[in-house]
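Residue-level structure breakdown
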Amino acid sequence: QVQLVESGGGLVQAGDSLNVSCAASGQTFYAMPMGWFRQAAGKEREFVATVTGGGPYYAASVKGRFTIARDNDKNTMVLQMNSLKPEDTAVYHCAAGDKWYSYESYKQSWAYNFWGQGTQVTVSS
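A few points on the structure. Not measured: the values here are computed from a predicted model.

Definitions and cut-offs
Residues numbered from 1 in each chain as written. Predicted model: local features only at pLDDT ≥ 70, side-chain atom pairs only at ≥ 80, totals over all residues. Heavy atoms only, no water. Core = buried A, V, L, I, M, F, W, Y, C linked by side-chain atoms within 4.5 Å. Buried < 20%, exposed > 50% of the residue type's maximum accessible area, 1.4 Å probe, protein only. Helix = DSSP H or I, 4+ residues; strand = E, 2+ residues; numbered from the N terminus. Phe/Tyr/Trp six-rings, centres within 6.5 Å; stacked < 30°, edge-to-face > 60°. Disulfide = S-S within 2.5 Å. Polar contact = N/O pair within 3.5 Å; in protein donor to acceptor, adjacent residues only side chain to side chain. Pairing = 2+ DSSP bridges. Axes fitted to C-alpha atoms, helices over the stretch in contact; angles between N-to-C directions.

1. Things to note about the nonpolar core
- Core analysis: the largest hydrophobic core is formed by 36 residues, its most contacted members being Leu4, Met34, Trp36, Met77, Leu79, Met81 and Tyr92.
- When contributions to this core are tallied by element, the ones reaching two or more residues are strand E3 (18–25), strand E4 (34–39), strand E5 (46–50), strand E7 (66–71), strand E8 (76–81), strand E9 (90–96) and strand E11 (119–124).

Next up, the structure:
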């Protein structure tokens, strides 16, 4: 069993920066595909970024503004978010998997079978 705990969310203004972190335990971290997804109120969960395989890979909506990184020694993953926009407002979820697929698969939620509870990021205009 893998436990994922997100932290670092909060309320910021448009244009600000914010980091959200994911701490993993329970399984060998370095061998696990990892990613970030987000879900805004009333919308479906959407892919944000993954650092798996030949990655990192980003959703078009965040590319150039967000940076994903993992520290295998500390079993953590960070999403650095710059130039935040109101449309980035969502609950951000950390995800991990224990099966290997093509890298394109890690843009889909089905490729991950462990999820954190999420951390709220709110960007005011």
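The structure having been displayed, the exposition proceeds.
2. Points about the packing of aromatic side chains
- Within the structure shown, the criterion is met by nine aromatic pairs.
- Plain terms: the ring middles of Phe37 and Phe47 are 5.7 Å apart, the flat faces sit at 75° to each other, and that makes the pair edge-to-face. Remark: Phe47 occurs in strand E5 and Phe37 occurs in strand E4; sequence separation between them is 10 residues.
- Classification of Phe37 by relative accessible area gives buried; the value is 2%.
- On the basis of relative accessibility, which here comes to 12%, the residue Phe47 falls in the buried class.
- Taken together, a centroid distance of 5.2 Å and an interplanar angle of 65° make the contact between Phe37 and Trp115 edge-to-face. Placement of the pair is Phe37 in strand E4 and Trp115 in strand E10 (residues 114–115), with a sequence separation of 78 residues.
- Put simply, the rings of Phe37, Phe47, Trp100, Tyr101, Tyr106, Trp110, Tyr112 and Trp115 pair up and form one aromatic cluster.

3. As for the state of the cysteines
- A complete count under the given rule lists one disulfide for this structure.
- Through a disulfide, Cys22 is tied to Cys94; the S-S separation comes to 2.0 Å. Measuring the twist about the S-S bond at about -65°, one finds the Cys22-Cys94 disulfide to be left-handed. Taken together, the positions of Cys22 in strand E3 and Cys94 in strand E9 put the pair 72 residues apart, joining distant regions of the chain.

4. As for the side chain of Arg38
- Mapped onto the secondary structure, Arg38 falls in strand E4.
- Relative accessible area serves as the criterion here: at 4%, Arg38 is assigned to the buried category.
- There is a polar contact of 2.9 Å between the side chain of Arg38 and the side chain of Asp88.
- At 2.9 Å, the side chain of Arg38 forms a polar contact with the side chain of Tyr92.

5. Some words on the sheet that holds E8
- Sheet architecture is open: four strands sit in the order E1-E3-E8-E7, paired in antiparallel fashion. At either margin of the open sheet sits one strand with a lone partner, and together these are strand E1 (3–7) and E7. The sheet shows a mean angle of 15° between the axes of neighbouring strands, direction not considered.
- Direction of pairing for E3 relative to E8: antiparallel, over a ladder of six bridges.

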